[in-house]
Amino acid sequence: MPRVTGPLFSAGASGAFGGLMEFRMVGNKAVVTAPKHVSKTQGPIQQANAERFKVAIGAWKTLDAATKTNWKNRALVLKLTGYQLYLREYIRQNIAQPHHPVIPA
């Protein structure tokens, strides 16, 4: 939960306060509102994608240090981390366990 910065009810206040109210700027005005509540319910497609990412993350964790270094080195050229590149390629290449994606050329 973010902390409120600046004195309460001042133009510099922003962030959540005890889960009861939220301070933010809208245009040039300081506004106090009830906190936003985001629904956590997911449809079947969202659940399937979340599961694919969980599997990909688990596969990254099983890699040895040398393989992770190879992914990190390739990712530097693309301005990504090795982890980001691995997950991207795992999803793009439609990999299934226990296989791993191929490092892109």
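You'll find the structure just up there.
Now for a quick tour of the structure. All values derive from a computational prediction rather than experimental measurement.

1. Some words on the overall build of the protein chain
Moving on, step 1. Regarding its fold elements, the protein chain presents three helices and three strands.
Moving on, step 2. The N-to-C order of helical and strand elements in the protein chain reads β-β-β-α-α-α.
Moving on, step 3. Put simply, 22% of the contacts in the protein chain that link residues at least 6 apart link residues at least 24 apart.
Moving on, step 4. Surface exposure of the protein chain reaches about 7700 Å², of which carbon and sulfur atoms provide 60%.

2. Describing helix 2 (residues 65–77)
Moving on, step 1. With 13 residues, helix 2 extends 19 Å between its outermost C-alpha atoms, agreeing within 8% with the 18 Å of an ideal straight helix rising 1.5 Å per residue.
Moving on, step 2. Between the side-chain oxygen of the N-cap and the backbone nitrogen of Ala66 there are 3.2 Å, and the N-cap of helix 2 in question is Asp64.
Moving on, step 3. Backbone geometry just downstream of helix 2 places Lys79 in the positive-phi region, at approximately 60 degrees.

3. Regarding the environment of His100
Moving on, step 1. Tracing the chain through its elements places His100 in the segment after helix 3 (82–92).
Moving on, step 2. For His100, a relative accessible area of 35% translates into the label partly exposed.
Moving on, step 3. Taking the C-alpha atoms as reference points, His100 and Leu63, 37 residues apart in sequence, are found 9.1 Å from one another.
Moving on, step 4. Ignoring any residue separated from it by four or fewer positions in sequence, one finds His100 in contact with Ala59, Thr62, Leu63, Tyr86 and Ile95.
Moving on, step 5. Among the polar contacts listed, one links the side chain of His100 to the side chain of Tyr86, at a separation of 2.6 Å.

So, how was this worked out
- Residues numbered from 1 in each chain as written.
- Predicted model: local features only at pLDDT ≥ 70, side-chain atom pairs only at ≥ 80, totals over all residues.
- Heavy atoms only, no water.
- Helix = DSSP H or I, 4+ residues; strand = E, 2+ residues; numbered from the N terminus.
- Contact = heavy atoms within 4.5 Å.
- Areas by Shrake-Rupley, 256 points an atom, 1.4 Å probe, with all protein chains shown as cover.
- Expected span 1.5 Å × (residues − 1).
- Polar contact = N/O pair within 3.5 Å; in protein donor to acceptor, adjacent residues only side chain to side chain.
- Buried < 20%, exposed > 50% of the residue type's maximum accessible area, 1.4 Å probe, protein only.

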